[in-house]
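Structural features, examined
The residues making up each chain are set out below.
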Amino acid sequence: MASASTTDEIVGLSAHNASTGTAGAGATTAAASTEPPPTDEPAPAPGVAAGPSSAGTPTGGAAGKRPVACIVLGMAGSGKTTLMQRLNSHLHERKTPYYLINLDPAVLDTPFGANIDIRDTVNYKEVMRQYQLGPNGGILTSLNLFATRFEEVMTILEARAPSLDYVLLDTPGQIEIFTWSASGAIISESLASSMPT
Ligand SMILES: Nc1nc2c(ncn2[C@@H]2O[C@H](COP(=O)(O)OP(=O)(O)OP(=O)(O)O)[C@@H](O)[C@H]2O)c(=O)[nH]1
Ligand SMILES: [Mg+2]
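First things first, this report covers the structure right here in the doc. These numbers come from a predicted model, not from an experiment. (Residues numbered from 1 in each chain as written. Chains lettered and ligands numbered in written order. Predicted model: local features only at pLDDT ≥ 70, side-chain atom pairs only at ≥ 80, totals over all residues. Heavy atoms only, no water.)

Moving on, we come to the overall build of the chain. Along the chain, the regular secondary structure elements total 6 helices and 5 strands. The order of helices and strands in the chain, counted from the N terminus, is β-β-α-β-β-α-α-α-β-α-α. Looking at the chain as a whole, 50% of its 197 residues are labelled buried. Carbon together with sulfur atoms contributes 56% to the accessible area of the chain, which is approximately 8600 Å² in total. (Helix = DSSP H or I, 4+ residues; strand = E, 2+ residues; numbered from the N terminus. Buried < 20%, exposed > 50% of the residue type's maximum accessible area, 1.4 Å probe, protein only. Areas by Shrake-Rupley, 256 points an atom, 1.4 Å probe, with all protein chains shown as cover.)

Attention now goes to the packing of helix α2 (residues 124–131) against helix α3 (residues 135–147). For the pair α2 and α3, the least separation of the axes is 9 Å and the interaxial angle reads 110°. Classified by the angle their axes make, α2 and α3 are roughly perpendicular. Within the contact between the two elements, α2 uses Tyr-124, Val-127, Met-128 and Tyr-131 and α3 uses Pro-135, Gly-138, Ile-139, Thr-141, Ser-142 and Leu-145. In terms of residue class, the contact of α2 with α3 is built from 7 nonpolar, 3 polar and no charged. (Axes fitted to C-alpha atoms, helices over the stretch in contact; angles between N-to-C directions. Parallel < 35°, antiparallel > 145°, perpendicular 65-115°, else oblique. Contact = heavy atoms within 4.5 Å. Nonpolar A, V, L, I, M, F, W, Y, C, P; charged D, E, K, R; others polar.)

Let us now look at the pattern of salt bridges. As enumerated under the stated definition, the model contains 5 salt bridges in all. Residue Lys-65 is joined to Asp-165 by a salt bridge in which the shortest nitrogen-to-oxygen separation is 2.7 Å. Within this pair, whereas Lys-65 is found in the loop between β1 (48–49) and β2 (68–72), its partner Asp-165 is found in the loop between α4 (150–160) and β5 (166–170), the two being separated by 100 residues in sequence. For Arg-149, the salt bridge goes to Glu-152, with nearest N and O atoms at 2.6 Å. Classification of Glu-152 as partly exposed rests on a relative accessible area of 34%. (Salt bridge = Lys/Arg side-chain N within 4 Å of Asp/Glu carboxyl O.)

This part is about the site of ligand 1. Taken together, Met-75, Ala-76, Gly-77, Ser-78, Gly-79, Lys-80, Thr-81, Thr-82, Asp-104 and Gly-173 are the residues near ligand 1. With respect to ligand 1, the side chain of Thr-81 contributes an N or O atom lying 2.8 Å from an oxygen atom. Contact between ligand 1 and Thr-82: an oxygen atom at 2.5 Å from a side-chain N or O atom of the residue. For the shell around ligand 1, a count of residues per class yields 2 nonpolar, 6 polar and 2 charged. (Near = heavy atom within 4 Å. Polar contact = N/O pair within 3.5 Å; in protein donor to acceptor, adjacent residues only side chain to side chain.)

Within the element layout of this structure, Glu-151 appears in helix α4. Between the C-alpha atom of Glu-151 and that of Ser-190, which follows or precedes it by 39 residues, the distance is 8.0 Å.

Ranked by size, the top nonpolar core spans 28 residues in total, and within it Ile-101, Leu-157, Val-167 and Leu-191 carry the most contacts. Among the elements of the structure, β2, β3 (98–102), α2, α3, α4, β5, α5 (175–180) and α6 (182–194) are those that each provide at least two residues to this core. For this core, the leading source of residues is α4, giving 5 residues. The residues contacting Leu-157, other than those within four sequence positions of it, are Tyr-99, Ile-101, Val-167, Leu-191 and Met-195. With 9 residues, the next largest nonpolar core counts Cys-70, Leu-91, Tyr-98 and Leu-100 among its residues. (Core = buried A, V, L, I, M, F, W, Y, C linked by side-chain atoms within 4.5 Å.)

Next up on the list: the environment of Leu-164. Structurally, the position occupied by Leu-164 is in the loop between α4 and β5. With relative accessibility at 0%, the residue Leu-164 sits in the buried group. Along the chain, Leu-164 and Tyr-98 lie 66 residues apart, while their C-alpha atoms are 5.2 Å from each other.

Let us look at helix α1 (residues 80–93). Taking 1.5 Å as the rise per residue, α1 with 14 residues should run 20 Å; its terminal C-alpha atoms sit 20 Å apart, in good agreement. For α1, the secondary structure elements touched by its buried residues are β2, β3 and β5. Trailing α1 by a residue or two, Lys-95 shows a phi angle of about 55°, which is positive. (Expected span 1.5 Å × (residues − 1).)

Here you go:
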């Protein structure tokens, strides 16, 4: 969940447990559980980008089972977060193990509980203030700051990969920020180098 950050624009990563379908108290089928899929390690993007990525050809191999990473991308207000919420409900109901990551630093509230939330690491409003940026520049810079820590996210995902079927990532409404920025490339290529994305 979003947490109040310190005056620093970026704070330590925090992660929540992987969702196993049994987690997320009170999850219902109609409404996605807002309970974060359970978490326990330190912490950390929407359309659905599915299918094999050109950035990597993870096969599972020695590392064993690999979850499928789905980055939900789309225009502002196109329903990315709603889709995430529905997927959360669906997978939770089927007891499919998955992991949810929120990459939207500006969202006020998510209708799903993210295992890793950019808002736990980067304070979007503080970034705007410190760098004297507008909303879009704030999102861009927040994502860039977060991308510098994405290795830590990958470490968490690597550790959990064998027990996960899916890794779902919600992204900011400003699609161009994700698709055209260095941070978007870093995040998507990091994922694709490790698992089908
Ligand atoms: N009619 C209709 N409305 C939808 C659908 N999906 C989402 N909405 C509505 O569209 C609005 C925006 O949905 P979000 O899921 O927040 O969209 P988003 O892409 O995450 O928005 P940003 O994060 O701001 O870019 C909400 O009021 C949703 O209820 C859909 O399939 N059909
Ligand atoms: Mg959204």
